[in-house]
Amino acid sequence: MQDSTQIEEMPWGQPENQAASGGGDSNRLIIFDTTLRDGEQSPGISLDPVEKLEIAEQLARLKVDYIEAGFPVSSEGDFEAVNTIARTVGVEGGPVIAALSRTHLSDVDRCWEALAPAHRSRIHVFISTSPTHMEHMLKMNQEQVIAETVAGVTRARSYTNDVEFSPQDATRTPLDFMLEVLRAAVDSGATTLNIPDTVGYGIPWDFGALIQYIRNQVPGSYILSTHCHNDLGLATANSLAGVRAGARQVEVCINGIGERAGNAALEEVVMAIRIRPDQFPGLQVGVNTEELAKTSRLVSRLTGYPVQYNKAVVGKNAFAHESGIHQHGVLSERTTYEIIDAKSVGQIGKQIVLGKHSGRHAFRDSVAKMGLELQGETLNAAFVRFKELADRKVEITEADLEAIVAEEIGVELVEGWTLEALEVSGGTVASPKARVVLSRSGEKKESVCEGNGMIDAAFQAIRSASSTDAVLVGFNVSAVTGGMDALGDVLVQLESEEVGLKVSGRGVSTDVVEASARAYLNALNRLDRFKSRSLGMIQNKGEIGP
Ligand code: KIV
Ligand code: ZN
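Residues numbered from 1 in each chain as written. Chains lettered and ligands numbered in written order. Predicted model: local features only at pLDDT ≥ 70, side-chain atom pairs only at ≥ 80, totals over all residues. Heavy atoms only, no water.

Engineer: Residue-level account of the coordination of the zinc ion (ligand 2), with values.
Structural biologist: For the zinc ion (ligand 2), every protein donor is listed as D38 (OD), H227 (NE2) and H229 (NE2), and the spread of their distances is 1.9 to 2.1 Å. Between the donor residues of the zinc ion (ligand 2), the gaps in sequence give the motif D-x188-H-x1-H. Within this pair, whereas D38 is found in the loop between β1 (30-33) and α1 (49-62), its partner H227 is found in strand β7 (residues 223-228), the two being separated by 189 residues in sequence. You'll find D38 and H227 in the same group, each marked buried. (Donors = N, O, S within 2.8 Å, 3.2 Å for Na, K, Ca; no water. Helix = DSSP H or I, 4+ residues; strand = E, 2+ residues; numbered from the N terminus. Buried < 20%, exposed > 50% of the residue type's maximum accessible area, 1.4 Å probe, protein only.)

Engineer: I'd like to hear about the packing of helix α3 (residues 105-115) against helix α5 (residues 142-159), residue by residue, with values.
Structural biologist: Where α3 meets α5, the closest approach of the two axes is 9 Å, and the angle between their N-to-C directions is 25°. As summarised for this structure, α3 and α5 are arranged roughly parallel, according to the angle between their axes. Of the two possible hands of crossing, α3 and α5 adopt the one that is right-handed. Residues L105, V108, D109 and W112 of α3 form the contact with α5, whose own contacting residues are A151, G152, R155, A156 and Y159. Counted by class, the contact of α3 with α5 contains six nonpolar, one polar and two charged residues. (Axes fitted to C-alpha atoms, helices over the stretch in contact; angles between N-to-C directions. Parallel < 35°, antiparallel > 145°, perpendicular 65-115°, else oblique. Left-handed = near helix turned anticlockwise from the far one by under 90°. Contact = heavy atoms within 4.5 Å. Nonpolar A, V, L, I, M, F, W, Y, C, P; charged D, E, K, R; others polar.)

Engineer: Could you give an account of the sheet that holds strand β2 (residues 66-68), with specific residues and numbers?
Structural biologist: An order of β1-β2-β3-β4-β5-β6-β7-β8 is seen for the eight strands of this closed barrel, with the pairing classed as parallel. The sheet shows a mean angle of 25° between the axes of neighbouring strands, direction not considered. Taken strand by strand, helix α7 (residues 204-217) contacts β6 (192-197) and β7, and its axis lies near 155° from that of β7. (Pairing = 2+ DSSP bridges.)

Engineer: A description of the sheet that holds strand β9 (residues 418-425) should follow, citing residues and the corresponding values.
Structural biologist: Two strands in a sheet stick together by hydrogen bonds in their backbones, pointing the same way (parallel) or opposite ways (antiparallel). Pairing is antiparallel in the open sheet, where three strands are placed in the order β9-β10-β11. Taken across any chain shown, the strands that pair with only one partner, and hence form the sheet edges, are β9 and β11 (443-450). With direction set aside, neighbouring strand axes in the sheet form an average angle of 10°. Direction of pairing for β9 relative to strand β10 (residues 433-440): antiparallel, over a ladder of seven bridges.

Engineer: Can you lay out helix α15 (residues 454-466) for me, pointing to particular residues and giving the numbers?
Structural biologist: With 13 residues, α15 ought to run about 18 Å at 1.5 Å a step, and its terminal C-alpha atoms sit 18 Å apart, in line with that. Along α15, the residues classified as buried are A457, A458, F459, A461, I462, A465 and S466. S467 sits one or two residues past α15 and shows a positive phi near 50°. (Expected span 1.5 Å × (residues − 1).)

Engineer: I'd like a description of the pattern of salt bridges, backed by residues and values.
Structural biologist: Within the structure shown, the criterion is met by 25 salt bridges. We note a salt bridge from R102 to D107, for which the minimum N-O separation is 2.7 Å. Looking at R102, the relative accessible area reads 22%, which means it is partly exposed. We classify D107 as buried; its relative accessible area is 3%. With a closest N to O distance of 3.1 Å, D489 and R506 form a salt bridge. Residue D489 is located in strand β13 (residues 488-496), and its partner R506 is located in strand β14 (residues 501-509); the two are separated by 17 residues in the primary sequence. Relative accessible area serves as the criterion here: at 11%, R506 is assigned to the buried category. Several salt bridges converge on common partners, so that one network encompasses R385, E388, E514 and R518. (Salt bridge = Lys/Arg side-chain N within 4 Å of Asp/Glu carboxyl O.)

Engineer: Explain the nonpolar core residue by residue, including any values.
Structural biologist: Judged by nonpolar contacts, the single largest core of 87 residues is most densely connected at I31, I67, F165, L193, I195, I214 and L266. Ranked by residues supplied to this core, first place goes to helix α6 (residues 175-187) with nine residues. A domain-level breakdown of this core finds at least three residues from each of domain 1 (30-303) and domain 2 (320-409). Contacts of L193, omitting those with residues within four sequence positions, involve F165, L182, A185, V186, V218, Y222, I223, L224 and S225. Judged by nonpolar contacts, the second largest core, of 24 residues, contains L438, A523, L524 and L527. (Core = buried A, V, L, I, M, F, W, Y, C linked by side-chain atoms within 4.5 Å. Domains from an automatic or database assignment.)

Engineer: Describe in detail a nonpolar patch on the surface, supporting the description with residues and values.
Structural biologist: A cluster of nonpolar side chains, contributed by L472, F475, V477 and V512, occupies part of the molecular surface with about 290 Å² of accessible area. Of the residues forming the nonpolar patch, the biggest block, three residues, is contributed by strand β12 (residues 471-479). What makes V512 partly exposed here is its relative accessible area of 34%. (Patch = residues over 30% accessible without salt bridge, like charges linked within 9 Å, V, L, I, M, F, W, Y side chains within 5 Å. Areas by Shrake-Rupley, 256 points an atom, 1.4 Å probe, with all protein chains shown as cover.)

Right, dumping it as structure tokens:
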């Protein structure tokens, strides 16, 4: 930390230091999910309100305590997303809905306007406190930052009695000044003090000591919270150190997504506490861990961020054993090489018993059991895709169904392009060639193009038929499940210079060229959806993000 010499050596982790300061149940760890706010700030991720709602509904099934749904003043889209989530997910018995706000009074007002329909809501007010942020970004002195803190928190408190305050870049802020700001925030009514390690500068024992020091030095009734970024790969470790030192809220993202190297991963922090109760005696976490794998897959699909194979808890290989000795051990007794039961984190999916003779009702019921409510055009389109798949694939798994449904979600919101036909030819002798027929609002477009390979030819033909200016900037292929008839899962990332935005799209099919074409069209349709919003607002978002 900036001034770590000022922190006395402290025996952090002693039981008497583990009670939350002030209000709240000291045995309960609040899981504050910020996938839809900080996670959405990852480079290249742009979720629209429908996609955000889909993720929020799944986070509610996961039973997180808080969902930070967005930063309402940053764009109309974010306002709409927070407002919709507040109305439909923030119901009685559901999670508390939070939203971010700068200290500006008009930001706080807008934040509250977005949150108002929620049964329970929180305004999260932040301002930078480190010398570098104050000099180069805020252009404010210490007195001004304190005055802003008091004004923003007081305004927030006039709306709700659940107010969080964050001194941004806390770990590079001189301690005395940070304590002054935090005391001012508590005196103005903040009920949660969040300590952001904004640039991932913390080291576990130092960050733990900082949390404990704040608890001892800032009087009042509040809950301490951690918000750790992963620039040194220490976000989970730092969050856990904060918890041991008395923090009773952790701010986390699914799959650890977020600015730059990301935030602490929800699944890692939660499972560490579940698997090592000896290190966190009596600490309770309310998350339904069986929903973790599904939540991870959904976030990955909608954000276009693949989950690395060896990612802890939710990675494809987290429960795979390669060496003979390990396989032998696990077959005799699972615990020989596994500390987590794969079922407890939803890594062993239920087999869906749908086949090509299944009807619409059975399909809709199965999808509903997976927690996905499909209606109208989305249901029709997903059902058609399911039937096509059932003709080509013997066994349809839950992961396959999720992949199809994710591809179709939100499509009804714009008149997007549909792939009517795709023909490709190529090989080692002939030049690769593709013919595509696209349709949109009753209009058909056809194009034939050559390319460097069959996938490239298909992309060129789609570009020409749709007359798009978008440029391909990312391409990734993986298999949804194993086996010869596995679904190819393709991720395409397109960039539009016109709106200065990158979007991703996914496509699935047993045929990789078709999956690629579908992914390309999916991204193109999302881009059109964003373009149909105000261009100014999209550009605005980059300018006033935290
Ligand atoms: O990393 C950070 O400092 C933040 C704050 C806005 C809490 O995301
Ligand atoms: Zn952050």
